[in-house]
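Each chain, letter by letter, is given below.
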Amino acid sequence: MPVINELKELMLDIGVEESIVNEVGPEQILAGHVMDSVHYTAFIVAIEEQYGIRVTDRYALKLRTLNDFNNYISPGLK
Amino acid sequence: MKAPVSSIRTDRGFFYESMINMLKTSVSNSALELLTGNPGLHPDKIAYICADKTLSYRDLNKGCRRFAHLLQKQGIVPQERVLIALPDCLAFPVVFLGCLLTGGVAVAVSPALSEEELAHIIDDCGACILVTLRKPAVPRSAISDKIKVIICDDQGRVEVINNSEELDTPYQPSVDDIAYMLYSSGSTGRPKGVPHPHKSLLLPCDLVGKALLEIRSDDVIFSTSKFSFAYGLINSLAFPLRFGATAILHPGKPDPLAVLDIINRHGPSIFFSVPDIYTQILLTCTERELKFPMRLCCSAGEALPAPLFEEWQRLTGLEILDGIGSTEMAYHFISNVPGRAIAGSAGQLVPGYRALLVDDDGIDIPAGREGNLLIGGPTRTPFYWNRPELSAETFLPDGFVKTGDIFVERDGFYYYRGRCDDMIKSGACWVSPFTVEDALARHPAVAECAVAAITIGTFNRPGAFIVLTPGTKQTPTLGQELRRHILALLPDYMCPVRIRFIAELPRTSTGKIKRFKLREQFAHYDEE
């Protein structure tokens, strides 16, 4: 869960409301439901900068939930 | 030096040449053509659906003729401009076509324009009448005393004026008459007027709608692109009426949940959208939810990334037909066709159009190498409104238009490679870097800034390089504060998604910002 919590911190940093962030579950779809496209792109930028990774075009289309992001980021952290 | 004629890439199909020649000589009122083809055949059929309201072909025809009569009563004369600031609602086709029936020039703009943009367009086009809704209200401070304002309801009815009478005789246009005008963002940030004659509404129906998409009367069309864009105007106005089909209108922002709701409720057979929306739909749905009723999915506005084409096809079983057009050419001039779409390609030349790829000196470039795309064809605008110098620069004497796009052609398919200028396509809308820089520069922390294109996933967005004012500290929240500052001044698609703080901007010896260096720096960052 630590990465999920870090991702939630990033969501707060980019301006997603705290009450919304608190409610987000790890399997909840983010785009459209929790974040609009402005927040979503800012979220990807924040993740890239925080973890020093590049979210490729192909993977960006598969990252729907916090768990998806966690699975994408975590192998690089090991 | 110009390229030899023999090198022009064109389809020489006899059918299309004949059709275009026929339309060159016969000048008909496009509104009359669109309105008389189908109301007589099936008057009770629904032409438009908007939320829980519908408009039949009979009522559309009546409404247009009533509105035309009203405009005549208001003193409109042929070729006078009527500014139409309406959302995509049932009123739009009534007002737009009503205007064309009188011979007036319909100038369609978004009702969400800023005060500055609206004031500029009113002044530039010299409109004598503005048609709008009470809500959403356009910025009234932009409207001068010289312009009459007609407030209609969302079905194009004007309650304060008795307009039950209908226009008897529609205007018969001459070959040079302008039918409508759209405004396109300029590289300086000031929108430029792009006028079109009547044939520009009809020809795309034959060249693309019929020949490539095979649109039929039983089609239900949904376009997320709005009437005030060339792509949306043809999709939602010309196509449905020309083929006796039905169109779904959505007055609000095309956010993915609203778009999905419309798709689920109305089951469109043809969906016109842009890469940004396709991406958002993919991200918004679970894989099981990605089952749609469409027979065709089309995209334009910006290049469709190959991974998006492939992922959409994998999950929905549908191909996305990418195409490229422009406001200057009224609609697509390059397009993929059903069953033969290629991922990452804008498609093939639409029969009836001519294309050239040239280097910076205008010399023809062989297939397989990048070049500046020039396009010629029957729907080319005659000029930019009030911009003789820009017109002379853009519209070449041999009928070609400089598109500003760089393409490569292989085996008849065109592949987008970027822009010749600094303009940015974000969410399928043009963004001038100067507009964003002006807004950023109003923040006290910003000493200097420069904006360039950046790709985040499959989203194209502006990114910003900023030099801070002396004494300003780069805090972790400063980027977010600057984004909030921009969102208060500009539409969200103009907001920089990546902000990088640097000591100084790269400049030429004459002090001009080297934007290509900035794009390289973003690209370099992406590759790290």
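Residues numbered from 1 in each chain as written. Chains lettered and ligands numbered in written order. Predicted model: local features only at pLDDT ≥ 70, side-chain atom pairs only at ≥ 80, totals over all residues.

Draft legend 1. Quick look at the overall build of chain B. Counting its secondary structure elements, chain B contains 14 helices and 25 strands. Against the globule reference of 24 Å for 528 residues, chain B gives a C-alpha radius of gyration of 23 Å, in line with a compact fold. Within chain B, buried positions represent 49% of all 528 residues. Pairs at least 24 residues apart make up 68% of the contacts formed inside chain B by residues separated by at least 6 positions. (Helix = DSSP H or I, 4+ residues; strand = E, 2+ residues; numbered from the N terminus. Rg over C-alpha atoms; globule rule 2.2 N^0.38 Å. Buried ≥ 20, exposed ≤ 12 C-beta atoms within 10 Å, placed from the backbone. Contact = placed C-beta atoms within 7 Å.)

Draft legend 2. Broad picture of the environment of T379 of chain B. All names here are of chain B. Here T379 lies in the loop between β18 (371-376) and α11 (388-394). Taking the C-alpha atoms as reference points, T379 and M329, separated by 50 residues in sequence, lie 5.3 Å from one another. The residues touching T379, leaving out its near neighbours within four places in the chain, are S200, L203, P204, M329, A330 and Y331.

Draft legend 3. Structural view of the domain arrangement of chain B. Residues and elements named next belong to chain B. Taken domain by domain, chain B consists of domain 1 (1-25 + 198-419), domain 2 (28-173) and domain 3 (424-527). Every contact between the two is made by nine residues of domain 1 and, on the other side, six residues of domain 3. Secondary-structure elements contributing two or more residues to the side of domain 1 that touches domain 3 are α9 (275-284) and α10 (306-316). With three residues, the top contributor of residues to the side of domain 1 that touches domain 3 is α9. Partitioning the side of domain 1 that touches domain 3 into residue classes produces five nonpolar, two polar and two charged. (Domains from an automatic or database assignment. Nonpolar A, V, L, I, M, F, W, Y, C, P; charged D, E, K, R; others polar.)

Draft legend 4. A look at the packing of helix α8 (residues 256-266) of chain B against α9 of chain B. Residues and elements named next belong to chain B. Relative orientation of the contacting elements α8 and α9 amounts to 85°, with a least axis distance of 9 Å. As judged from the angle between their axes, α8 and α9 are roughly perpendicular. Side by side, α8 and α9 meet where P256, L257, V259 and L260 of the first sit next to I277, Q280, I281 and T284 of the second. Residues of the contact of α8 with α9, tallied by class, amount to six nonpolar, two polar and no charged. (Axes fitted to C-alpha atoms, helices over the stretch in contact; angles between N-to-C directions. Parallel < 35°, antiparallel > 145°, perpendicular 65-115°, else oblique.)

Draft legend 5. Looking closely at helix α5 (residues 115-125) of chain B. Residues and elements named next belong to chain B. Listing the buried residues of α5 in full gives L118, I121, I122 and C125. Along the axis of α5, the buried positions cluster into a sector of 100°, meaning they face one direction only. Looking one or two residues past α5, G126 carries a phi angle of roughly 65°, positive in sign. (Arc of directions from axis to C-beta.)

Draft legend 6. Geometry of the pairing of strand β3 (residues 53-56) of chain B. All names here are of chain B. Note: strand β2 (residues 46-50) against β3, four bridges, orientation antiparallel. The partner of Y48 across the bridge, within β3, is L55. In this antiparallel pair of consecutive strands, β2 and β3, the connection spans two residues, and A51 shows a positive phi of 55°. (Pairing = 2+ DSSP bridges.)

Draft legend 7. Local environment of the interface of chain B and chain A. Contact residues are listed per partner, giving 27 residues for chain B and 21 residues for chain A. Of all the secondary-structure elements, those providing two or more residues to the side of chain B that touches chain A are α8, α9, α10, β24 (459-468) and α13 (478-489) of chain B. Counting residues per element, the side of chain B that touches chain A draws most heavily on α9 of chain B, at six residues. In terms of residue class, the side of chain B that touches chain A is built from eleven nonpolar, seven polar and nine charged.

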